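Each chain, letter by letter, is given below.
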Amino acid sequence: MPIRTAVLAAVFAACALVPHADSACTTGPLTGPTGTLSTGAYDNNWVCPWLIQPDQGTARTTTQIAWTFSLFDTETNYDWFYIYNGPDTSSPQLLKRSGTNTTGGSTTSPVIYALFTSDPSNTRTGVTMSYTTNFVCSGAVTMTGTSGTLYSNSVGANYIDNMSCGFLIQPDYGTGRVAGYISWTFPAFNTEASWDWLTIYKGTSTSGTQLLRRSGTDTSAGGPTETNAIYTTF
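Residues numbered from 1 in each chain as written. Predicted model: local features only at pLDDT ≥ 70, side-chain atom pairs only at ≥ 80, totals over all residues. Heavy atoms only, no water.

Q: Help me out: how do you make sense of the overall build of the chain in this one?
A: Regarding its fold elements, the chain presents 0 helices and 17 strands. By element, 48% of the accessible surface of the chain is carried by carbon and sulfur atoms, the whole surface being about 11,100 Å². (Helix = DSSP H or I, 4+ residues; strand = E, 2+ residues; numbered from the N terminus. Areas by Shrake-Rupley, 256 points an atom, 1.4 Å probe, with all protein chains shown as cover.)

Q: Explanation requested: the side chain of Thr107 in the structure shown.
A: Mapped onto the secondary structure, Thr107 falls in strand β7 (residues 105-107). The class of Thr107 is buried, set by a relative accessible area of 9%. Within the structure, Thr107 has its side chain in polar contact with the backbone nitrogen of Ser109 (distance 3.3 Å). (Buried < 20%, exposed > 50% of the residue type's maximum accessible area, 1.4 Å probe, protein only. Polar contact = N/O pair within 3.5 Å; in protein donor to acceptor, adjacent residues only side chain to side chain.)

Q: Would you mind going over the nonpolar core with me for this structure?
A: By size, the foremost hydrophobic cluster in this structure holds 20 residues, and its most contacted members are Leu37, Trp50, Phe69, Phe81, Ile83 and Met129. Contributing elements (two or more residues each) for this core: β3 (47-52), β4 (62-73), β5 (80-84), β8 (112-117) and β9 (126-136). Sorting elements by how many residues they give to this core places β4 first, with 4 residues. Leaving out residues up to four positions away in the same chain, Met129 has contacts with Gly35, Thr36, Leu37, Ile52, Trp67, Thr68, Phe69, Phe81 and Ile83. Among the nonpolar cores identified, the runner-up in size contains 19 residues, and Tyr159, Cys165, Phe167 and Leu198 belong to it. (Core = buried A, V, L, I, M, F, W, Y, C linked by side-chain atoms within 4.5 Å. Contact = heavy atoms within 4.5 Å.)

Q: Even after reading the chapter, I still don't get the packing of aromatic side chains, so can you show me in this structure?
A: How two aromatic rings sit relative to each other is set out by the distance from centre to centre and by the angle between their planes. Counted by the stated rule, this structure contains 8 aromatic pairs. Seen from their ring centres, Phe72 and Phe81 are 6.0 Å apart, and the 85° between their planes marks the pair as edge-to-face. You'll find Phe72 and Phe81 in the same group, each marked buried. Consider the rings of Tyr82 and Tyr84, whose centres lie 6.1 Å apart with planes at 20°: the pair is stacked. This pair shows no difference in class: Tyr82 is buried, exactly as Tyr84 is. Ring pairing ties together the aromatic residues Trp50, Phe69, Phe72 and Phe81, which thus form one cluster. For the cation-ring pair, Arg97 lies above Phe72, with the distance from its terminal atom to the ring centre recorded as 5.6 Å. Note that Arg213 overlies the ring of Trp197, its terminal NZ or CZ placed 4.2 Å from the centroid. (Phe/Tyr/Trp six-rings, centres within 6.5 Å; stacked < 30°, edge-to-face > 60°. Lys NZ or Arg CZ within 6 Å of the ring centre and 35° of its normal.)

Q: Would you take a moment to explain the pattern of salt bridges for this structure?
A: Oppositely charged side chains may form a pair once their charged atoms are brought near each other. Evaluated as defined, the whole model comprises 1 salt bridge. With a shortest N-O distance of 3.7 Å, Asp218 and Arg214 are connected by a salt bridge. Classification of Asp218 as partly exposed rests on a relative accessible area of 38%. The exposure class of Arg214 is buried, given its relative accessible area of 9%. (Salt bridge = Lys/Arg side-chain N within 4 Å of Asp/Glu carboxyl O.)

Q: So what exactly am I meant to see when it comes to the sheet that holds β8 here?
A: Note on sheets: strands pair through backbone hydrogen bonds, and any given pair is parallel or antiparallel. On the basis of which strands lie adjacent, the open sheet formed by 4 strands has the order β3-β8-β5-β6 and antiparallel pairing. A strand with exactly one partner marks an edge of an open sheet, and here the two such strands are β3 and β6 (93-97). Across the sheet, the mean angle separating the axes of adjacent strands is 10° when strand polarity is ignored. Pairing geometry for β5 and β6, over 4 bridges, is antiparallel. Paired with Ile83 across the two strands is Leu95, which belongs to β6. (Pairing = 2+ DSSP bridges. Axes fitted to C-alpha atoms, helices over the stretch in contact; angles between N-to-C directions.)

Q: Quick question: what am I supposed to make of the confidence of the model for the chain here?
A: Caution is warranted with low-pLDDT regions, since their predicted coordinates should not be read in detail. On average, the chain scores 82 in pLDDT, and the residues at 70 or more come to 79%. Mean pLDDT in the chain bottoms out at strand β1 (residues 10-13), which sits at 46, and peaks at β5, which reaches 98. Here residues 1-23 scores under 50 on pLDDT; set against residues more than four positions off or in separate chains, the count is 101 contacts. (pLDDT = per-residue confidence, 0-100.)

Q: What is the right way to look at the environment of Tyr131 in this model?
A: Along the chain, Tyr131 turns up in strand β9. The spacing of Tyr131 and Ala66 is 65 residues in sequence and 5.5 Å in space, taken between C-alpha atoms. With near-sequence residues (within four places) excluded, Tyr131 lies in contact with Leu30, Thr31, Gly32, Pro33, Thr34, Gly35, Thr36, Ile52, Pro54, Ile65, Ala66 and Trp67. Of the polar contacts made by the side chain of Tyr131, one reaches the backbone oxygen of Gly32; its length is 2.8 Å.

Pasting the structure below:
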């Protein structure tokens, strides 16, 4: 079944870094969904670390991070660029590179650690790396705000095959408020018709009354439904 470019946006109402020495490179942490890091025209004896840990936001539970190099030019076998699959250099190493190879890569880790080091002699023009993230839901998430947005994945990216996501929307109405109405809208809806489904149930689980079952591109709103909670699956 082909993947559709989809963001199910249902809006409801109711590592410490190692200090770098003698360098002008701008280091992390980098928390945006996209970003760029650069050594610039580096000097000798540089140590430049970047912690890349995108803010996943509400109801986003798994992150894919992909990177590309618009510039990669270091002294071969002496000035190295590393990427680790985790928050520091004790994490598994994904990349160790010097020279001029600009091949990119990706990982499903929600955080990566990049590090550049140069030796005491000879320099080149440096490294410029850009990264992007794809947030995808995974498992069940509880949302308690009186309004919010849930996503199947990142805006501008595809959701993946074989996803199974649950969102319990159970607003905290505060003291003295014991009942409410929940309504929803879809700023974006694009799934594989008749195969990839969004379902909304009244209550806290799939055993409740089904309020909506939808695939395709219909963005019509729903509710309000008199309930303290709805449960959404995708």
